[in-house]
Every structure is written in structure tokens, then in C-alpha cells.
Amino acid sequence: MRTVAGIDLGTQSMKVVIYDYEKKEIIETASCPMELISESDGTREQTTEWFDKGLEVCFGKLSAENKKTVEAIGISGQQHGFVPLGADGKALYNIKLWCDTSTVEECKIITEAAGGENEVVDALGNLMLTGFTAPKILWLKRNKPEAFDALKYIMLPHDYLNWKLTGDYVMEYGDASGTALFDSKNRCWSKKICDIIDPKLLGLLPKLIEPSAPAGKVNAEAAKAYGIPADIPVSAGGGDNMMGAVGTGTVADGFLTMSMGTSGTLYGYSDKPIADPANGLSGFCSSTGGWLPLLCTMNCTVATEFVRDLFQMDIKQLNEEAAKSPCGSEGVLVIPFFNGERTPNLPNGRASITGLTSANTNRANITRASFESAVFAMRGGLDAFRKLGFKPKEIRLIGGGSKSPLWRQIAADIMNLPIRVPLLDEAAALGGAVQALWCLNSQKGECDIVKLCTEHIKLDESKSANPIAENVAVYDKAYEEYCKVVKTLSPLYV
């Protein structure tokens, strides 16, 4: 048996899969929940101790026999989080996460110092948003000066796990492009933005490596702690969206992946830099050597979970209730900005239910509207892709939303594209495993990630959904109404 392992460090949990690359199947999985520090000012944080525990618990659950067969490891991690370490390798403060919106003032400071939003986009290919890493670093400097003075290592969540396994301090282009410190077009750190935050910052950033290169090798300490072979390569890894692209086969032009988890993302592979920050399309690099234009919303399954809790339903009841309502929920709309919002850029945004009348106010309509709202938010990204000349063929759907037949059909109808679901779950962890295999093969002179994905990423045809013309027409009108309401409400939260 020949295997590679993939690790996915998400907001809610850490997962490890062992993938038999000869049989093309996941033979074992393990997971560990993650806690979250949440404050009313938008603070969303975790700690390195929780990440450390996640590795111990997950590898501890896996069989010793299977772990011995692992030949390489690849890591996916939630994007943008700022892991600040001192010279001793210990955390100087908590990890501010992608969903932390407490850095509005820092975004304004950096943007103004750069000369405005257009200058920021010219430097980075992206706007300066609260979700990104750069404003979190400035926040540390302004609010925890002693910690900032002691800062030695700046890592993203997946880089921290790479470092725990190898002791090497590196970063690859994909996750680096989500820091708002990185020139995505030219694949280098932006001295201009770094210097605005602090003159020493550029000198603290890690060495950049190619996505097919190893981040390092498993050291003796990690091998002993986790029961894995020493000296096996740990691939460059990447952000969860970059690894999700690998795990869904979105490594060639024309394919889009839509992830419906806590957050919602829509992204596609491109051979050239593509971005439209004004319409929410971030200009990221892929973790396979190209670019990965991406739209991210802060609230996806957040909306359905809120409604589920409100009406005290389980998952099965939630889907059954939503199915009782027709397409468009009889005019009921959920504006799902429960955690503020990134697209549109409203960190202080609030959620609302609108369109209610005496005739349409019922559980079924509100429930279905929470499903629809998540996809309406994604459709804006699809429109932005098309304006830039991207010609989507189909959408690969992953995340919790992909498990619902109703949500799959809603997505197909609102996006007016075929929906396909990968055969194997855990797209980000599988992406990490496939990237690990790519790294392993690259060391042997074999370096074709598209071929690897074609061989290893299969679709579950039983979960496919195709757009229904009459539903598409209804949703086109409902989407127009959704956009009108969002445009009307947005000035309240600026």
C-alpha cells in the first residue's frame, strides 16, 4: 500500500486523511473540533495551542500501520489568519482569523497611506480588506506594541503546521497572495505596502517557494510526536481555497469551484492574472502555478444554521421545510450579513429578512430564502468572471451545502450552470494529499498537476444537478430584487 496524507485546518475543525494513491481512495480519516474566540467588536481568534492539539488528536486517532505507509504530506489551511511568533517559536498573541472584522481602522490607515484604493489594487491586485493578513499585523503593532516588537516569524495557519512538521520557515504563492502584502501579478512581496505597516516588516517575511516544491521534510521531533515517518517531504501546501481547487480538479481554464461552508467562495483557475476587486473578485495566485480569481462571502451556511436554530429544526427538517416553498420563496429575501460581509465590503453589515407580507410570512419561505441568499451572493462573482472573459463550463460544488439535493438544484438554477460534486468528500484535505503526490512526483522529474487531478479527482454523477429553464427565469427576477435590496441597505453599514 502506497499513501500520502492531507491535512485540512479549517475554522471549525482539523481533519487528516490518508489517501491510497494506487487504489485512488481515502483509507482513513480523523478529525478534531476547533474552538473560536468571538467578541462583539468583530474579533474572531484562535490559538496555536488549539492547532497543536489538533495535530496530536488527529494523528493519534489514525492507525499506526497506516501512518507508516505515508510517503508525503500536504497541508490546507484557512486563509489570511495571522500567526505571530517570537524568536523562540512561541505565539506572541492569538491568531486573528479570516473572519475577524476588528481591523476596519487599520484598513483605512494602510489604504490612505498607499494613496487610495486604486493604488492598493495596483500594488497587490486586491483591495485592503479586514479579512486579509496585512491589517491584522498593523493591529498588533497599534494594540500590542510589545508583542509586535518581539515579532520574528509571520505565518499563515497552514504555514504554521508546515513549520511544526519541518521546522522550515517558507510560504508559497497561493496563500501569500491572500495576505495583502503580496504583488500577485509579479509574485513577490510588496515593499510599498510592507513599509507602510513598518520598515522592518519586509525583512520578517518568509522565503517564497514554488507550489510544486517541498516546504521541507518531517523532522525527528514531529515524527516521534505524531507517529509518522521521518524525512518524508511536506509539500508547499496552501490556503483552503487553493487546496479545494486541487481537490475538485479546478486546475485548468473553464472550471469553477463553489464552496458552501461557513463562508462561501467561488473561484476558477486562470493561466493569467485576473481580478476585479471592485466587484469582489480577488486576484489570488493558485497553488498549482497559475492564478485563482476568487469571490468570498462571510456568510453561507451561517444563514441556514441561524434559521435552523431559530425554528429549532434538525438538518433533515431544514431541507424538508425549505422544499415546501417555491423558487423565489414568494418574495421573501434573507440578507445574510450575520458576520458583517466581505462581498460587498461591509464589515459592519447586519442581517435582515425582508419582503415579508401577511400572505408570505411562514417558516417554509424564510427557510428557503436562507438557502437562496447564499447563492445570490455568489452569483455576483459569476457575473464578474464573465465580464472578464472567463467562460465557465460547470461548477464543482463542495462544502456542507453540496450534501443537500435541494441546495444543489437551487445553485444550478440561480447560477444557470451544471452543478457537479466530487466523488470523495473533504476536497481541501484531498487537495493537500494530491499536492503532496505532485511534490513527490516532481522530485522524480514528473510534474503535471493537471494529469494528476484528471487521474485522482472523480465526480459523483448521482449528485449532479442541471438548471431548469423555468426556475432560472424566476431566479433571474429574484436576484435583481436581492441586488436592489442590498444596494439600498448598504449605506446604513458604511
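Residues numbered from 1 in each chain as written. Predicted model: local features only at pLDDT ≥ 70, side-chain atom pairs only at ≥ 80, totals over all residues. Heavy atoms only, no water.

### Section: the packing of aromatic side chains
Here's step 1: On inspection of all chains with the given rule, the structure shows 14 aromatic pairs.
Here's step 2: Relative to tyrosine 160, the ring of phenylalanine 51 lies with its centre 6.3 Å away and its plane at 55°, an arrangement referred to as tilted. Placement of the pair is phenylalanine 51 in helix H1 (residues 48-61) and tyrosine 160 in helix H7 (residues 157-166), with a sequence separation of 109 residues.
Here's step 3: Classification of phenylalanine 51 by relative accessible area gives buried; the value is 0%.
Here's step 4: With relative accessibility at 3%, the residue tyrosine 160 sits in the buried group.
Here's step 5: Taken together through their ring pairs, the aromatic side chains of Phe376, Tyr475, Tyr479 and Tyr482 make up a single cluster.
Here's step 6: Here lysine 200 stacks its cationic end above the ring of phenylalanine 148, 4.5 Å away from the centre of that ring.
Here's step 7: For lysine 393, the ring lying beneath its charged end belongs to phenylalanine 255, and the centroid distance is 5.5 Å. (Phe/Tyr/Trp six-rings, centres within 6.5 Å; stacked < 30°, edge-to-face > 60°. Helix = DSSP H or I, 4+ residues; strand = E, 2+ residues; numbered from the N terminus. Buried < 20%, exposed > 50% of the residue type's maximum accessible area, 1.4 Å probe, protein only. Lys NZ or Arg CZ within 6 Å of the ring centre and 35° of its normal.)

### Describing the UniProt feature "domain: Carbohydrate kinase FGGY N-terminal" (unreviewed entry) in the protein chain
Here's step 1: Per the UniProt record, "domain: Carbohydrate kinase FGGY N-terminal" (unreviewed entry) is annotated on residues 5-247.
Here's step 2: When the span residues 5-247 is considered, its composition is 38% helix and 26% strand, and the gap between its end C-alpha atoms is 13 Å. (UniProt positions renumbered as here; feature names shortened; annotations may be inferred.)

### A word on the packing of helix H15 (residues 363-387) against helix H19 (residues 469-489)
Here's step 1: It is the contact of H15 with H19, at a shortest axis distance of 10 Å, that shows an interaxial angle of 85°. What the angle tells us is that H15 and H19 run roughly perpendicular. Counting all contacts with H15, which are made through Arg368, Glu372, Ser373, Phe376, Ala377, Arg379, Gly380 and Asp383, the residues of H19 involved are Tyr475, Asp476, Ala478, Tyr479 and Tyr482.
Here's step 2: Looking at the contact of H15 with H19 residue by residue, the classes come out as six nonpolar, two polar and five charged. (Axes fitted to C-alpha atoms, helices over the stretch in contact; angles between N-to-C directions. Parallel < 35°, antiparallel > 145°, perpendicular 65-115°, else oblique. Contact = heavy atoms within 4.5 Å. Nonpolar A, V, L, I, M, F, W, Y, C, P; charged D, E, K, R; others polar.)

### Details of the sheet that holds strand E5 (residues 44-46)
Here's step 1: Judged by pairing direction, the sheet is antiparallel, and its three strands sit side by side in the order E4-E5-E8 without closing on themselves. With one partner strand each, in any of the chains shown, strand E4 (37-38) and strand E8 (95-96) form the two edges of the open sheet.
Here's step 2: In this structure, E4 lies alongside E5, joined through two bridges in antiparallel fashion. Across the sheet, the residue bridging to isoleucine 37 is glutamate 45, located in E5.
Here's step 3: Across the face of the sheet, H1 comes into contact with E4, E5 and E8 while running at roughly 50° to E5. (Pairing = 2+ DSSP bridges.)

### Describing the sheet that holds strand E23 (residues 394-398)
Here's step 1: What the six strands build is an open sheet, ordered E19-E20-E18-E17-E23-E24; its pairing is mixed. Every other strand in the sheet has two partners, leaving strand E19 (281-285) and strand E24 (419-420) as the edge strands with one partner each.
Here's step 2: With four bridges joining them, strand E18 (residues 264-268) and strand E20 (residues 291-297) adopt antiparallel strand pairing. In the strand pairing of E20, threonine 265 is matched with cysteine 296.
Here's step 3: H15 contacts strand E17 (255-260), E18, E19 and E20 of the sheet and is inclined by roughly 20° relative to E18.

### Observations regarding the pattern of salt bridges
Here's step 1: All chains considered together, the criterion is met by 17 salt bridges.
Here's step 2: A salt bridge links arginine 2 to glutamate 71, with the nearest nitrogen and oxygen atoms 3.0 Å apart. Of this pair, arginine 2 sits in the segment before strand E1 (3-9) while glutamate 71 sits in strand E6 (residues 70-77), and the two are 69 residues apart along the sequence.
Here's step 3: You can call arginine 2 partly exposed: its relative accessible area is 35%.
Here's step 4: On the basis of relative accessible area, glutamate 71 is assigned to the buried category, the value being 18%.
Here's step 5: Close ionic contact of glutamate 426 with lysine 15 constitutes a salt bridge, the shortest N to O distance being 3.2 Å. In this pair, glutamate 426 sits in the loop between E24 and helix H17 (427-442) while lysine 15 sits in strand E2 (residues 13-20), placing the two residues 411 residues apart along the sequence.
Here's step 6: Classification of glutamate 426 by relative accessible area gives partly exposed; the value is 30%.
Here's step 7: Its relative accessible area of 25% is what places lysine 15 among the partly exposed residues. (Salt bridge = Lys/Arg side-chain N within 4 Å of Asp/Glu carboxyl O.)

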